[in-house]
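# A look at the structure
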Amino acid sequence: MKTAKKILMTQLRDKTTSRTTFRNTTQQLTQVLAHEAMEHLQTKTKNIETPLAQTTGQIYTDDIVLVPILRSGIAMLHTFLQYFQNAAVGIVGLKRDEKTAQAHWYYENLPPITNNHQILILDPMLATGGTAIETLKKLKGRGAQEEKIMLVTMVCAPEGLDAVKKTFPKTKIITATIDEKLNADKFIVPGLGDFGDRYFGTE
Amino acid sequence: MKSTKMITAILACTQTALLANGLLVDSQNKMRNAKQLFTTILRNKNTSLVDYRKATDSIASILACEAMDHIALKKVTAQTQLAPFVGLEFDTNVVLVPILRSGLCLLPTFLRYFETARVDFVGLARDEQTAQAHWYYKNFGTLTGNEYIIILDPMLATGGTAVEVLRKLKTSGANMDKIIFVSVVCAPDGIEKIKTEFPNVKIITVSVDTHLNDKKFIVPGLGDFGDRYFGTE
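Residues numbered from 1 in each chain as written. Chains lettered and ligands numbered in written order. Predicted model: local features only at pLDDT ≥ 70, side-chain atom pairs only at ≥ 80, totals over all residues.

## Quick notes on the overall build of chain B
Selection rule: The way it works is that DSSP assigns letters per residue, a run of H or I at least four long becomes a helix, a run of E at least two long becomes a strand, and they are numbered from the N terminus. Burial in this document is a count-based property: other C-beta atoms within 10 Å of a residue's C-beta are tallied, and the residue is buried at 20 or more, exposed at 12 or fewer, or partly exposed in between, with C-beta positions derived from the backbone. A pair of residues counts as a contact when their C-beta atoms, built from backbone coordinates, are within 7 Å of each other.
Across its full length, chain B holds seven helices and 14 strands. In chain B, buried positions account for 39% of the 233 residues. Restricting the contact set of chain B to residue pairs at least 6 apart, pairs at least 24 apart contribute 63%.

Below you can see the structure in the form of structure tokens.
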């Protein structure tokens, strides 16, 4: 899916891309990421009957929980719900003070979580990794297993990837691209700007 | 069976009463079958998560089409392959304002109908005793007074949250004649509260239910919309 990712990312990066195209492209790239996420999920055999014969198929081993991070993660939610139709959805919102490293949780509404749940965190941009790490800590604290949490992003900065991998080495990260670096304002470069502002039109 | 029939009858009476009092919601009496079929799915406590979500999307489509009827359009001239024709397009910008959390359930469908709309999120918790609103989230763009604003919140119960959001929009520069409040299920209390303070705000809904219980839940209602849609109950 390398070509699909490159072509769709080109549209998202281009600052002349219209709001409508940005939204449509986001949905397409989210589908690509959902397909990729599926490849990493544990499945088990299930016996089924077709109208003609008995056969075996595959189902997910674990119940799935989607955790979009406000506000941008909401842009990926609807498409993920099409692929993971039975998933529960836990919504979180947090602001992180980069200087004090203190997280302020302004919203948190998670379903019951056990170590048998497979969790997919949705957040289009992984910059410093601060928000992702706080969310991972929160989920682990609620009983999730680190190796059963996957972080689904569109654009990563190497700094954020390193930070997450250092704290949670067993967590898988799915992304469309790993960019060069963060700038002084902690924006991903070349990146695509502020995802939420472009998707929701608030810039 | 008897109780179901009774509830239907009570609902019909309430709606008539609301119309007679001039306390009407601005939903037209159209697409009644579609509305009743999908609300039956939403109300039924045995409906699965998947079916609940599908029914929400279907209801949202109906509501989006109804909301469009309250938005000003302008004529545009274009060409078919054969001849020029006069068509219509939105006259001004549209801003969607989903109220967290359950307003998010209506958002994807509304974005399909209002493709270029900006989306402003608000989240607030309201203490019913002190009537104090705590805004835990607010991400508003600039309002000029020209745009149509569509507030999305599936449940209109006491109207407390709705009125707080409307007041905030008013002080932010919104034109109150261009606001459409979209809900799935309403209590008469909520409609009255909005219409008393903001008579020009349009209210689009699928059903006006009988009353609020002592916990301020809409009865018969459908439970907690967000818990059922997101599977957090």
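That shown, we press on.
## Observations regarding the sheet that holds strand S7 (residues 117-122) of chain A
Residues and elements named next belong to chain A. Worth spelling out the cut-off: A pair of strands counts as paired when DSSP detects no fewer than two bridges linking them.
With respect to topology, five strands assemble into an open sheet ordered S4-S3-S7-S9-S11, the strand pairing being parallel. Taken across any chain shown, the strands that pair with only one partner, and hence form the sheet edges, are strand S4 (88-89) and strand S11 (172-174). The pairing of strand S9 (residues 149-152) with S11 spans three bridges and is parallel. Pairing of Met150 across the sheet is with Lys172, part of S11.

## Considering the interface of chain A and chain B
Every contact between the two is made by 22 residues of chain A and, on the other side, 22 residues of chain B. Within the residue set of the side of chain A that touches chain B, elements represented by two or more residues are helix H2 (19-39), helix H3 (74-83), S4, strand S5 (91-97) and strand S6 (102-109) of chain A.

## Focus on the confidence of the model for chain B
Applicable threshold: The predictor reports its confidence for every residue as pLDDT, a score running from 0 up to 100.
Across chain B, the average pLDDT comes to 89, with 89% of residues at or above 70. Overall fold confidence (pTM) sits at 0.89, and the ipTM for the predicted complex is 0.87.

## As for the environment of Ala53 of chain A
In this structure, Ala53 of chain A sits in the loop between strand S1 (43-49) and strand S2 (54-60). Linking Ala53 of chain A and Thr26 of chain A, residues 27 residues apart in sequence, is a C-alpha distance of 41 Å.

## A few points about the nonpolar core
Here is the rule we go by: Connectivity within a nonpolar core runs through C-beta atoms within 7 Å, and the core itself is a set of buried Ala, Val, Leu, Ile, Met, Phe, Trp, Tyr and Cys residues.
Residues Leu66 of chain A together with Leu96 and Ile150 of chain B are the most contacted members of the largest nonpolar core, which totals 114 residues. Of all the elements, helix H3 (residues 49-68) of chain B adds the most residues to this core, at seven residues. Excluding anything up to four places from it in sequence, Leu66 of chain A contacts Leu77, Phe80, Phe84, Ala87, Val89, Leu120 and Leu122 of chain A.

## Observations regarding helix H6 (residues 188-197) of chain B
Our working rule: What the arc measures is the spread of directions leading from the helix axis to the C-beta atoms.
Residues Pro188, Gly190, Ile191 and Ile194 of chain B constitute the buried set of H6 of chain B. For H6 of chain B, the angular spread of buried residues about the axis comes to 160°, placing them on one side.

## Quick notes on unusual backbone geometry
Of note, the bond from Leu100 of chain B into Arg101 of chain B is cis; its omega dihedral lies within 30 degrees of zero at -10°. Turning to its location among the elements, Arg101 of chain B is positioned in the loop between strand S3 (94-98) and helix H4 (107-113). In this model, Lys186 of chain A sits at a positive phi of 65°, which is unusual for a non-glycine residue. Locating Lys186 of chain A in the fold gives a position in the loop between strand S13 (181-182) and strand S14 (188-189).

## Points about the sheet that holds strand S4 (residues 118-119) of chain B
All names here are of chain B. Reading across the sheet, the five strands line up as S4-S3-S7-S9-S11 and stay open at both edges, with parallel pairing between neighbours. Two strands bound the open sheet, and with one partner strand each, they are S4 and strand S11 (202-204). Summarising the sheet, strand S9 (residues 179-182) and S11 pair through three bridges and their orientation is parallel. Within the sheet, the bridge partner assigned to Val182 lies in S11 and is Ile204.

## Some points on the packing of helix H1 (residues 2-13) of chain A against H2 of chain A
All names here are of chain A. Spelled out, the test is: Note on definitions: angles span 0 to 180 degrees between N-to-C directions of axes, and those axes are lines fitted to C-alpha atoms, for helices only across the stretch in contact. The labels follow the angle: roughly parallel below 35 degrees, roughly antiparallel above 145, roughly perpendicular from 65 to 115, and oblique for the rest. Handedness of a crossing follows from how the near helix is turned relative to the far one, being left-handed for an anticlockwise turn of less than a right angle and right-handed for a clockwise one. All amino acids are sorted into three groups, where Ala, Val, Leu, Ile, Met, Phe, Trp, Tyr, Cys and Pro are nonpolar, Asp, Glu, Lys and Arg are charged, and the leftover types, Gly among them, are polar.
One way to put it is that H1 packs onto H2 with a least axis distance of 9 Å and a crossing angle of 155°. Judged by the inter-axis angle, H1 sits roughly antiparallel to H2. Between H1 and H2 lies a crossing of left-handed hand. Residue-level contacts link Ala4, Lys5, Leu8, Gln11 and Leu12 of H1 to Thr21, Phe22, Thr25, Thr26, Gln28, Leu29 and Val32 of H2. Of the residues contributing to the contact of H1 with H2, the split by class is six nonpolar, five polar and one charged.

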